[in-house]
There are 2 protein chains.
Amino acid sequence: MKPIKILGTGMTKFGEHWNKSLVDLAEEAGMKAVKDSNLKLKDLEAIFVGNMLSASVTGQEHLGALVAERLGSKIPAVRIEGACASGAMAVHQACLAIASGHYQKVLVIGVEKMTDLSTAEVNRALMGASAEAEEGVNGFTFASLYALMARVYMEKYGLKEKDLAQVAVKNHAHASLNPLAQFPFKVSLKQVLESPLVADPLKVLDCSGITDGAAAVVLSSRPWTVDNKQISVSIIGNSLISDTLSLSARGEITEQEATRKAVQEALRMAGIKLKEVDLAEVHDCFTIAEIISLESLGFFKKGEAGKATARGETSLNGRLPVNTSGGLKACGHPVGATGVKQIVELALQLRGQAGKRQVKNARIGLAQNIGGSGSTAVIHILERENHV
Amino acid sequence: MKPIKILGTGMTKFGEHWNKSLVDLAEEAGMKAVKDSNLKLKDLEAIFVGNMLSASVTGQEHLGALVAERLGSKIPAVRIEGACASGAMAVHQACLAIASGHYQKVLVIGVEKMTDLSTAEVNRALMGASAEAEEGVNGFTFASLYALMARVYMEKYGLKEKDLAQVAVKNHAHASLNPLAQFPFKVSLKQVLESPLVADPLKVLDCSGITDGAAAVVLSSRPWTVDNKQISVSIIGNSLISDTLSLSARGEITEQEATRKAVQEALRMAGIKLKEVDLAEVHDCFTIAEIISLESLGFFKKGEAGKATARGETSLNGRLPVNTSGGLKACGHPVGATGVKQIVELALQLRGQAGKRQVKNARIGLAQNIGGSGSTAVIHILERENHV
């Protein structure tokens, strides 16, 4: 596949938007991305909407046509759903559609409105991402599924609760530099460790929030220049892999097979080695998820990611900055929007537009978005090209 | 786009499957299609699942990974949702994915399980296909939205209730020849006209049923032979167009703009003229929908499709057989499966495998699947090639 250019990006503030509807949020992010691309709405040829929970929250389906109508457009519009990986899955499908030659310029919007439900209701609805008839019906929540992974991991590799907490401390520190983050403030190790227990060993501050928000990108097969700065960012590798929905069907729950296979495919497509990656956005719906993701991606050996986090290797100034946006943990996790937001963050970083959280001289970024307990993994690899 | 070969087709009986789950139905149709293709499951590279209502019926989302798990596969798997056009939309996305060169062989499954809800509940859930916050919340059902279209159409073109009823009589007659139809029996004009009123002027026998079922196709970029008969069926044109979700935002409700635009694009892609089409499966969720669809597709002038139906022009032995499967009306309408079933029916007809309802010497078939009140239109054009 030829590289797909990212022409524009946009996102809403992540948080509790009680005065905005799902389609308000989609429109806001979408129009920001279109404006950023220097294109007009009428230039676009298709819309891909990533969303998981709309039917559960308001009963509204058919989000493709809904979003197109709001944008005053009658172009092809499709909704893609892959649980918490819906956003990256929508980007993936958009890339394939562009690669087919059917479309040249496509808008992808990931959007979710979660705070219209109570926390209990939204946790129940989220179980639609799991093997509902096995896990949801029997009282599991995602916090408890990830707590199981954390317990097994801690037994196996000697990880401590404070090692998990370091992930939260780091990602909150990053979010404190991101004005669009839901939780733009630092937390201390003590605060994380003393926060209320959700599912032992995971505490409130080990968990991502319940979030409203949207993120969008304009993609194209053709090159782009912004403000004559000649910085172009492209998707050079992408992949999508499935695994079992139910955690009990996996052989090993301290690593994610779908992520492991997907990253190999994406690297092969991109023609790069993992060590060339300068920064990553990974799926830290819970602190343990970041640890497992970093190891499944191959950035660290099994059992090593916790220590590396404590040493600051994944911090903004570390050797591999991870989740500079604040991650799902502190930037927020509007589930259908998350995968698109990861790509927005990487694009901003590679263009040098990430403000106070800018990583210096980054050339290659990697995004990993997963659905359920690792049942879907979507990887995107982005590259900055300087044409000066 | 190069033609996409239909390597295999499969579908379940359409009806009330109280002893089968959604994933049971998906597996049954999917495995039939794989068997029919003479491929093995391990040959497939991706799965596209079309589904609308799963979240509303059971809370289960993430159907891509769910279906992949059931099939014992860990390949990329995506769910596509576009209301009642979810099935054809999934086929459309699969075609783009194949055209991109990313995949060679793809399984598409459309599936819906509706009878686990009461009729009132499922009618409410279906309003997710409409502008829910405007139409659903205010008490509209799809029967009442289509009844509005019928009333305006009747005023404008002098259509009578018996003309509408003729569509039901014809489609039930076709379904009586289809062993997989939900309602495989004939009805008389009198029976239709005397059936209980649902939303004036639409009666029970003007409406499609509430249906469980699944349909599947295996698609590929490469040619295919079956039993050395050398009959190959390909998708030579496909298109997807959006329109407003809400009926009140349309200028004209007796024609479907999205269908009109989509058919032009599909014909252009296929390089054929409409008059070359030998048979069609159109979206007759209500009898009035078949009339409006046939005219929006351009098969008949405005106001003429009702009379043409009464004259038998769209019957099995007419000049343009329409809905030989029995249509949504009498074969049944498991919403996410319908668009795939239409393509299955056309493929069977073009291969000469349609049994008692076989249309003679058909070379080109057209399928039209719509979402909501016409807010999404998906067109596929299929062609038989004889390589003898």
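Residues numbered from 1 in each chain as written. Chains lettered and ligands numbered in written order. Predicted model: local features only at pLDDT ≥ 70, side-chain atom pairs only at ≥ 80, totals over all residues. Heavy atoms only, no water.

## Side note on the overall build of chain A
Each helix and strand in chain A was counted, giving 14 helices and 11 strands. The globule rule puts the C-alpha radius of gyration for 388 residues at 21 Å, and the 19 Å found for chain A is close to it. In terms of overall dimensions, chain A has C-alpha extents of about 55 × 45 × 35 Å along its principal axes. In chain A, which comprises 388 residues, the share counted as buried stands at 67%. Excluding contacts between residues fewer than 6 apart, the proportion of contacts in chain A whose partners are at least 24 apart in sequence is 77%. Working note: accessible area of chain A is about 12500 Å², and carbon and sulfur atoms make up 52% of it. (Helix = DSSP H or I, 4+ residues; strand = E, 2+ residues; numbered from the N terminus. Rg over C-alpha atoms; globule rule 2.2 N^0.38 Å. Buried < 20%, exposed > 50% of the residue type's maximum accessible area, 1.4 Å probe, protein only. Contact = heavy atoms within 4.5 Å. Areas by Shrake-Rupley, 256 points an atom, 1.4 Å probe, with all protein chains shown as cover.)

## As for the interface of chain B and chain A
In this assembly, 57 residues from chain B lie in contact with 57 residues from chain A. Summed over both sides, the interface between chain B and chain A buries roughly 4000 Å², with carbon and sulfur atoms accounting for 52% of that surface. At the surface where chain B touches chain A, the tally comes to eight salt bridges. For the pair chain B and chain A, the number of links is 30 residue pairs in polar contact (both at pLDDT 80 or more). Considering each element in turn, the side of chain B that touches chain A owes the most residues, six residues, to helix α4 (residues 86-99) of chain B. In terms of strand pairing, strand β3 (residues 77-81) of chain A meets strand β3 (residues 77-81) of chain B through three bridges, oriented antiparallel. Note that in β3(B) the partner of A:R79 across the bridge is B:E81. (Buried area = accessible area lost by both parts, 1.4 Å probe. Salt bridge = Lys/Arg side-chain N within 4 Å of Asp/Glu carboxyl O. Polar contact = N/O pair within 3.5 Å; in protein donor to acceptor, adjacent residues only side chain to side chain. Pairing = 2+ DSSP bridges.)

## Things to note about helix α10 (residues 257-270) of chain B
Residue and element names in this part refer to chain B. Between its first and last C-alpha, α10 extends 20 Å over 14 residues, near the 20 Å set by a 1.5 Å rise per residue. Buried within α10 we find A258, T259, A262, V263, A266, L267 and A270. One side of α10 holds all its buried residues, which, seen down the axis, span an arc of 150°. (Expected span 1.5 Å × (residues − 1). Arc of directions from axis to C-beta.)

## Side note on the pattern of salt bridges
As a working rule, side chains carrying opposite charge can pair if their charged atoms are close by. The full count for this structure, using the stated rule, is 66 salt bridges over all chains. Measuring nitrogen to oxygen at the nearest pair gives 4.0 Å for the salt bridge that ties A:E61 to B:R79. In this pair, A:E61 sits in the loop between α2 (54-58) and α3 (63-70) while B:R79 sits in strand β3, so the two residues belong to two different chains. Here the two residues A:E61 and B:R79 agree in accessibility, since each one is buried. Two residues, A:D243 and A:R250, come together in a salt bridge whose shortest N-O distance is 3.6 Å. As far as the burial class goes, A:D243 and A:R250 line up, both buried. Residues joined by salt bridges that share partners form a network here, namely A:E61, A:R79, A:E81, B:E61, B:R79 and B:E81.

## So, the packing of aromatic side chains
To describe a pair of aromatic rings, you give the distance between the ring centres and the angle between the ring planes. All names here are of chain A. As enumerated under the stated definition, the model contains six aromatic pairs over all chains in all. Plain terms: the ring middles of Y153 and Y157 are 4.8 Å apart, the flat faces sit at 50° to each other, and that makes the pair tilted. Taken as a pair, Y153 and Y157 lie in helix α7 (residues 142-157) at a separation of four residues, close to a single helical turn. (Phe/Tyr/Trp six-rings, centres within 6.5 Å; stacked < 30°, edge-to-face > 60°.)

## Quick look at the pairing of strand β2 (residues 46-50) of chain A
Note on strand geometry: in a regular strand, side chains alternate between the two faces of the sheet. Residues and elements named next belong to chain A. Burial within β2 is extensive, with five of its five residues counted as buried. Both faces of β2 are covered, namely the face carrying A46, F48 and G50 and the face carrying I47 and V49. Judged from the five bridges that link them, β2 and strand β4 (residues 105-112) form a sheet pairing that is parallel. Looking at β4, one finds that F48 is bridged to V108.

## A word on α4(B)
An ideal rise of 1.5 Å per residue puts 20 Å on 14 residues; α4(B) measures up with 20 Å between its terminal C-alpha atoms. Counting buried positions along α4(B) gives 13 out of 14 residues, so the element sits mostly inside the fold.

## Examining the relation of the copies chain B and chain A
Note on the copies: chain B fits chain A at an RMSD of 0.0 Å, the axial shift is 0.0 Å, and the rotation between them is 180°. Here the transformation between the copies is reduced to the relation of a two-fold axis. Looking at the rotation axis and the C-alpha trace of chain B, the residue lying nearest is B:S100, at 1.8 Å. Of the interface residues in chain B, 100% have counterparts in chain A that sit at the interface too, so the contact is made through matching surfaces. (Least-squares fit on C-alpha atoms with pLDDT ≥ 70 in both.)

## Thoughts on the side chain of A:E290
All names here are of chain A. By the element assignment, E290 lies in helix α11 (residues 287-296). Residue E290 is classed as buried on the basis of its relative accessible area of 0%. Once residues within four sequence positions are removed from consideration, E290 is found in contact with V167, K170, N171, V282, H283, D284, V322 and N323.

## Overview of the packing of helix α1 (residues 22-36) of chain B against helix α3 (residues 63-70) of chain B
Residues and elements named next belong to chain B. Two elements in contact, α1 and α3, have axes separated by 10 Å at closest approach and are oriented at 60°. Like other packed secondary-structure pairs, α1 and α3 cross with a definite hand, here right-handed. Together, L22, V23, D24, A26 and E27 of α1 and L63, L66, V67 and R70 of α3 make up the contact between the two elements. A class-by-class count of the residues in the contact of α1 with α3 yields six nonpolar, no polar and three charged. (Axes fitted to C-alpha atoms, helices over the stretch in contact; angles between N-to-C directions. Left-handed = near helix turned anticlockwise from the far one by under 90°. Nonpolar A, V, L, I, M, F, W, Y, C, P; charged D, E, K, R; others polar.)

## Looking at the domain arrangement of chain A
All names here are of chain A. According to the domain assignment, chain A contains domain 1 (4-118 + 210-220) and domain 2 (138-208 + 230-386). The centre of domain 1, based on its C-alpha atoms, is set 22 Å off from the matching centre of domain 2. Each partner contributes to the interface: domain 1 provides 45 residues, whereas domain 2 provides 38 residues. It is I6, F14 and C84 that lose the most area in domain 1 upon contact with domain 2, and together they represent 22% of the buried surface on that side. In this structure, the salt-bridge partner of E385 is K5, at a minimum N-O distance of 3.4 Å. Taken together, the links from domain 1 to domain 2 amount to 16 residue pairs in polar contact (both at pLDDT 80 or more). For the side of domain 1 that touches domain 2, the secondary structure elements donating two or more residues are β1 (4-11), α4 (86-99), β4 and β7 (213-220). Considering only residue class, the side of domain 1 that touches domain 2 consists of 24 nonpolar, 15 polar and six charged. (Domains from an automatic or database assignment.)

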